[in-house]
Amino acid sequence: MAPPPVSAKRLEISGVVQGVGFRPFLFGLAHAHALCGRVSNTAGGVDLLIEGPPASLEAFVRDIDKKKPVLSRISGIKSEPVEVRGYTGFKIVKSKASSDRSTLISPDVSICRDCLAEMLDPGDRRFEYPFINCTNCGPRYTIIRDIPYDRPKTSMEAFPMCPACRAEYENPMDRRFHAQPNACPVCGPQVFLTDNSGARVDDGPAHALELAAKLLGKGKILAVKGLGGFHLAVDARDEIAVSRLRRQKKRPDKPFALMAASESELSGHVLVDEKERQLLTSFHRPIVLLDKRHRAPGDLTGLAPSLAPYNTCLGVMLPYTPLHYLLLAKGPGILVMTSGNRSGEPLSIDNEDALDAFSHIADYFLFHNRDIYFRADDSIARIQKGKKRFIRRSRGYAPLPLDLKLFSGDSLPKVLGCGAGLKSTICLTRDRYGFLSQHIGDLENPKVHRFYDQTIDHMQKIMDIEPETVAHDLHPGYYSTAYAGRLAGRGLPLVGVQHHHAHALACMAENRLDGEVMALTLDGTGFGTDGHIWGGEILTCTYGDFQRKARLAYIPMPGGDAAVKEPWRMAAALLFKAFGSGFPDLDIPYIRAMDRRKLEFIVQMMEKQLNSPLTSSAGRMFDAVASLLGICHEISHESQAAMELESLAAPGGEAYPFEIHEGGEEGCRIMDLLPVVRAIVHDIREKTSAGIISARFHSTLVKAFTGTAEQIRRETGLDRIVLSGGVFNNNRILTRTVDCLESGGFSVYTHSRVPCGDGGIALGQAMAAAAQLTGVI
């Protein structure tokens, strides 16, 4: 009988296909189908030549997507017939260099079950080794210097493999085949423990872990070097230790993130539904915001009361590195794990820098000697309205791209979106992708500025994107705007994008919308086209343009930026607008708590319009009401007043009366909440609880914006609406707004792939510039 005919194909597979066990997977799949050929990494992904009977080849190709490794993500497979070369087996060959560098980089992922089982097995050669990994888990983005993703281009270059590790690395049937961070106690990175002067206090790696765990149990503060940077850790059950960390880190109010050894450790403290459990246990391992089981302030049933005293949620994550598992197994089962950095600076990643930055905070430092090439803060997410929502998209997700809708042709222009000023990220576009960076931070410090610059340089390098155009915020004082200006000096064209238009476009882009939509954009600060500070807007927009259809009535911000950090100023502004310059004579607790001389000075500023920019910000309204109710007159972290106001809100809450005025600029409707202020003052005088007033204020905002949106729909016919801006992190506002709009017949689109706050702005900017380049209006 004649042998079956043989044909050959060349496959170019793009996507997240490096560092995730993809070549070993193809090796095994080729053997399963009795095919021959070879595979290699390229700068664009994976290059595969495969030969065999045509039916087997077709089955092989179908199985690639069906059975691919869990961490992989295929974005394209180009297939072409080629000449049969007569391969006699299947080989994995050396990576190919190329000028085309379009592969997708995997984020760092949590330890897999197989590695965890080996690490806990006393008979395994990697027993309790804190850097165990394989092709299915471990560091990726934070250790990559360049692509293709091979060991010499990672921070593991400094650790030559021992014979045993080398044998695993070269065995196509081994789980560690071509696992670039592969290591063991003989040849790999090691941990060591020092005091806060840098002096070693351990007798070796095993002793360092044991001693670190004991010190945590004794109430000491430890700086722990992890995957993308340092954490500061204390026993979450020890109120004295937690309070000392707050004092020494100068973080009096902001909730601390927790890391628990297991789900069972959390059962007495938080409520977890099935979707939250899936998010909590996913290999991305974000911090997940979970409702406290006991809602009374300070009541955490066994945990330190000061962890998150004015919040209804706890931010919790499970261990994601072997080191975390070992610390939690040997020491306290729940730890505070807060970012290790100086206030306002980026996460520390270098041992010497960490000692310099917070030796005055930490008692001991658990270091290791594997370099972190690129920092990545923990991601933060929650489940709202049944969907995952990012508050911060970083470690575990970045730099995975978003698959975007194309305007024309088969690729987007290459654009850099520079982001805003707070919660900064940047975005690069290429092909059909938007690459959003990890969290960078608030651009208010020279070290953050350097990190911002480095992030752009690094992502341009590893993604091979040389921007044709640069998009930026309109705010002239942002560092990101100044950075764009420097690029303009090198000849790159600039596109200025209004802040709230960018918010809307980010939501449109992640939902793959085109055409014209309505947008509700509610946040704290965004520079408007009229020179005022926007933040409570209804727009109609396309990728190319927008119109402002409605806004909150302008109120002054006495002191400018000082009013953001001191909500009492915004409360004074509301009272000034509602009651006139005599408001300091009102008999309410807010007035009695204030220095009358300061109030009188503020009145003069507003009367003379000195350093009192106008704002339509919904975020500043939250601040003002929180201060009026005596909840928060000054803040120590962003959104503090709004978060505390939300946490106090009672169930239900009938909306206060408000007014809608026609005839604003270019036909813009004005939502006037001064009647709300007068009603709140009345309720305060009647000793109505702060919880009821908060609930009614929340209901009022929802009713004002959804009712006005309905009026605009009747005029425009637009029934698709996007919601964006940081105010939608407020669970009550998001849930009730969506419910109201959907019950009224709107198709409502929200964020689930990028943050609704300023962490998503860069994507919207990039899409605006891409639209301009391709002629979309």
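## Some thoughts on the packing of helix H10 (residues 446–463) against helix H11 (residues 479–488)
One can describe the packing of H10 onto H11 by two numbers: an axis separation of 11 Å at closest approach and a directional angle of 50°. What the angle tells us is that H10 and H11 run oblique. Two packed elements cross with a definite hand, and for H10 against H11 that hand is right-handed. Contacts between H10 and H11 pair His 449, Tyr 452, Asp 453, Ile 456 and Asp 457 from the former with Tyr 479, Ser 480, Tyr 483 and Arg 486 from the latter.

## Some words on the pattern of salt bridges
Under the defined criterion, the tally for this structure stands at 43 salt bridges. Of the charged contacts in the structure, one is a salt bridge between Asp 47 and Arg 38, with a shortest N-O distance of 2.8 Å. What emerges from the salt-bridge pattern is a single network uniting Arg 342, Glu 345, Asp 353, Asp 356 and Lys 447.

## A word on unusual backbone geometry
Note that the residue after Ala 398, namely Pro 399, is joined by a cis bond; omega there is 10°. Topologically, Pro 399 is positioned in the loop between strand S15 (387–392) and strand S16 (402–403). If you check the backbone angles, Lys 385 has positive phi at about 50° while not being a glycine. According to the relative accessible area criterion, Lys 385 is partly exposed, its value standing at 39%.

## Remarks on the packing of aromatic side chains
Inspection of the entire model under this criterion finds 16 aromatic pairs. Taking the centre distance of 5.6 Å and the plane angle of 65° together, the rings of Phe 22 and Phe 25 count as edge-to-face. Of this pair, Phe 22 and Phe 25 both sit in helix H1 (residues 22–32), 3 residues apart, which is roughly one turn of the helix. According to the relative accessible area criterion, Phe 22 is buried, its value standing at 1%. Each ring, one from Phe 230 and one from Phe 358, has its centre 6.0 Å from the other, and the planes form 70°; the classification is edge-to-face. Placement of Phe 230 in strand S8 (residues 230–235) and of Phe 358 in helix H9 (residues 351–358) is noted, with a sequence separation of 128 residues between them. The class for Phe 230 is buried, based on a relative accessible area of 0%. For Phe 358, a relative accessible area of 0% gives the class buried. Within the aromatic cluster, the residues linked to one another by ring pairs are Phe 192, Phe 230, Phe 358, Phe 365 and Phe 367. It is Arg 548 that lies over the ring of Trp 534; its NZ or CZ is 3.7 Å from the centre.

## Observations concerning the sheet that holds strand S2 (residues 36–42)
Strands pair in a sheet through their backbones, by hydrogen bonds, and they do so in one of two ways: parallel or antiparallel. Reading across the sheet, the 5 strands line up as S4-S1-S3-S2-S5 and stay open at both edges, with mixed pairing between neighbours. Taken across any chain shown, the strands that pair with only one partner, and hence form the sheet edges, are strand S4 (73–82) and strand S5 (90–92). Each strand of the sheet is rotated relative to its neighbour by a mean of 15°, with strand direction disregarded. Across 9 bridges, the pairing between strand S1 (residues 7–16) and S4 is antiparallel. Bridge pairing links Ala 8 to Val 82 in S4. Across the sheet, H1 is in contact with S1, S2, strand S3 (45–52), S4 and S5; its angle to S5 comes to roughly 175°. Against the sheet, helix H2 (residues 54–67) engages S1, S3 and S4, with an angle of about 5° to S1.

The rules behind these values
Residues numbered from 1 in each chain as written. Predicted model: local features only at pLDDT ≥ 70, side-chain atom pairs only at ≥ 80, totals over all residues. Heavy atoms only, no water. Axes fitted to C-alpha atoms, helices over the stretch in contact; angles between N-to-C directions. Helix = DSSP H or I, 4+ residues; strand = E, 2+ residues; numbered from the N terminus. Parallel < 35°, antiparallel > 145°, perpendicular 65-115°, else oblique. Left-handed = near helix turned anticlockwise from the far one by under 90°. Contact = heavy atoms within 4.5 Å. Salt bridge = Lys/Arg side-chain N within 4 Å of Asp/Glu carboxyl O. Buried < 20%, exposed > 50% of the residue type's maximum accessible area, 1.4 Å probe, protein only. Phe/Tyr/Trp six-rings, centres within 6.5 Å; stacked < 30°, edge-to-face > 60°. Lys NZ or Arg CZ within 6 Å of the ring centre and 35° of its normal. Pairing = 2+ DSSP bridges.

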